Amino acid sequence: MGDTSVAIGLLLGIFGVLLVLRVSITFTLACASIVTALYLNIPLMAIIQRMVQGVNSFSLLAIPFFILAGEIMGQGGISRRLIQFSNLLIGRLRGGLAQVNVLASMFFGGISGSAVADVSSIGTIMIPMMKQKGYDADYSTAVTVTSACQGIIIPPSHNMIIYSLAAGGVSIGRLFLGGFIPGVLLGVALMIISWIIAVKRNYPKEERYSLKEALIITKDALLGLLTAVIIIGGVISGVFTATESAAIAVVYAFIITFFVYKEIKLSEFKRILYSSLKTLAMVMSLIAAASAFGYLMAYLKIPAKATEALLGITQNKVALLLLINLLLLLLGMIMDMAPLILITTPILYPVVVGALGMNPVHFGIMLMLNLGIGLCTPPVGSALFVGCAVGRVSMEEATKAMLPFYIMMIIVLLMVTFLPDLVMLVPNVLMPMTAG
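What UniProt states about the protein under its Subcellular location (unreviewed entry) heading is, verbatim, "Cell inner membrane".

**Concerning helix H17 (residues 317–332)**
For H17, built from 16 residues, the straight-helix expectation of 22 Å at 1.5 Å per residue is met to within 8% by its first-to-last C-alpha distance of 22 Å. When we look at burial in H17, the residues that qualify are Leu-320, Leu-321, Ile-324, Asn-325, Leu-328, Leu-329 and Gly-332. The inward-facing, buried residues of H17 abut helix H16 (302–313), helix H18 (337–355), helix H19 (360–374) and helix H21 (395–418). Two or three places before Val-318, at the opening of H17, Asn-316 has a side-chain oxygen 3.0 Å from that residue's backbone nitrogen.

**Quick look at a nonpolar patch on the surface**
Residues Leu-93, Val-184, Val-188, Ile-192, Trp-195, Ile-196 and Val-199 make up a contiguous nonpolar surface patch of about 570 Å² in total accessible area. Relative to the helices and strands, Ile-196 resides in helix H12 (residues 180–201).

**Quick look at the packing of aromatic side chains**
Under the counting rule described, the total for this entry stands at 14 aromatic pairs. Ring centres 5.4 Å apart and planes at 45° place the aromatic pair Phe-15 and Phe-293 in the tilted group. With a gap of 278 residues between them, Phe-15 in helix H1 (residues 4–20) and Phe-293 in helix H15 (residues 269–299) connect regions that are remote in the sequence. For Phe-293, a relative accessible area of 2% corresponds to the buried category. The interplanar angle of 65° and the centroid separation of 5.9 Å between the aromatic rings of Phe-254 and Phe-259 together place this pair among those described as edge-to-face. Phe-254 sits in the partly exposed class, given a relative accessible area of 22%. Members of the aromatic cluster, joined through ring pairs, are Tyr-135, Tyr-139, Tyr-203 and Phe-405. Its end group placed over the ring of Tyr-261, Arg-81 keeps NZ or CZ at 3.7 Å from the ring centre.

Rules behind the numbers
Residues numbered from 1 in each chain as written. Predicted model: local features only at pLDDT ≥ 70, side-chain atom pairs only at ≥ 80, totals over all residues. Heavy atoms only, no water. UniProt positions renumbered as here; feature names shortened; annotations may be inferred. Helix = DSSP H or I, 4+ residues; strand = E, 2+ residues; numbered from the N terminus. Expected span 1.5 Å × (residues − 1). Buried < 20%, exposed > 50% of the residue type's maximum accessible area, 1.4 Å probe, protein only. Contact = heavy atoms within 4.5 Å. Polar contact = N/O pair within 3.5 Å; in protein donor to acceptor, adjacent residues only side chain to side chain. Patch = residues over 30% accessible without salt bridge, like charges linked within 9 Å, V, L, I, M, F, W, Y side chains within 5 Å. Areas by Shrake-Rupley, 256 points an atom, 1.4 Å probe, with all protein chains shown as cover. Salt bridge = Lys/Arg side-chain N within 4 Å of Asp/Glu carboxyl O. Phe/Tyr/Trp six-rings, centres within 6.5 Å; stacked < 30°, edge-to-face > 60°. Lys NZ or Arg CZ within 6 Å of the ring centre and 35° of its normal.

Now the structure itself:
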């Protein structure tokens, strides 16, 4: 048995060094875990068993189905239809395409649950369209990137399943429902700032649709949106588990994409499966490595020490929550979302849920929103990278254009943090239970 302080230094030090060297986060977690285990004379087979146990969970089966359903709908024409539907609803506002961008991202987030997929699908259509209509490239990119973060908290989201796993089994259904109001609130906030900037710069409005066109657009868009309805409805009604709902959604998405929309050939399904498999491999290997890392953190009592340290700084609830939000925002700037969920949840959960009495669902949504903001902040925001590539603007230009949007996102984050009813109202009404 090695010295605990040295072991903690090894675990966190190796992790930090490899992270700075830009080693893959999966290998970073695994290497830190293996070296620390060797120092502590823990058999490597025990670490391997922990990695296997980390992915040996029935609830995790929902993740591949969510990824596949989002991939099918994303490549099958749903993004274009959602843009048309959003244009029908709010395109007549000043700077209408920016409003359409936000609303389409809100709808698409309810299908894909991924900010990067949102930027890739919606952005490749909306950014060139906005630039063609006279919108500035940096503004178009800023709207696209920040609005994509809605997909993280608007259900269904596979990141919520990862949080549920890391938190020890928080209700997935209640997490899904908890994201509704914050997700819509974030969308409204981004629409407000988009409109203010659009009025100031005199961006154009969009033309009206005829009644016949409106009916066709609505029918096509609603067929795609039913994918999210199937998942959410099945979970909150208790008819299906999250995994079963996701599997049924895949079948529905397959039928709608290949036999109703018919925009891509059935032969393309092989490419969709391959793309989904690549994403799934990254997610599951990350969960496995993070499970070993989490085991060693628990073995070394790091969460308990972190709780003592945070409570040692202050025991004021408001100050602690502000400190935790700041910590998460800073971590989100240098790490991706899924590993942060797996690493920070075991550390912060005892503080916010145990010491501060926050509902686990409330904390989960606060965590999602924090880390979602991190996806569109430099230096390693993945949604920001994709948006800059699509919009053909530098990261510096895009970041400067996003400053007003960051302010609105922080305001929403503070509202979600300190007004728990924004999160808990819907789950308490539609899926009441005594525990999160």
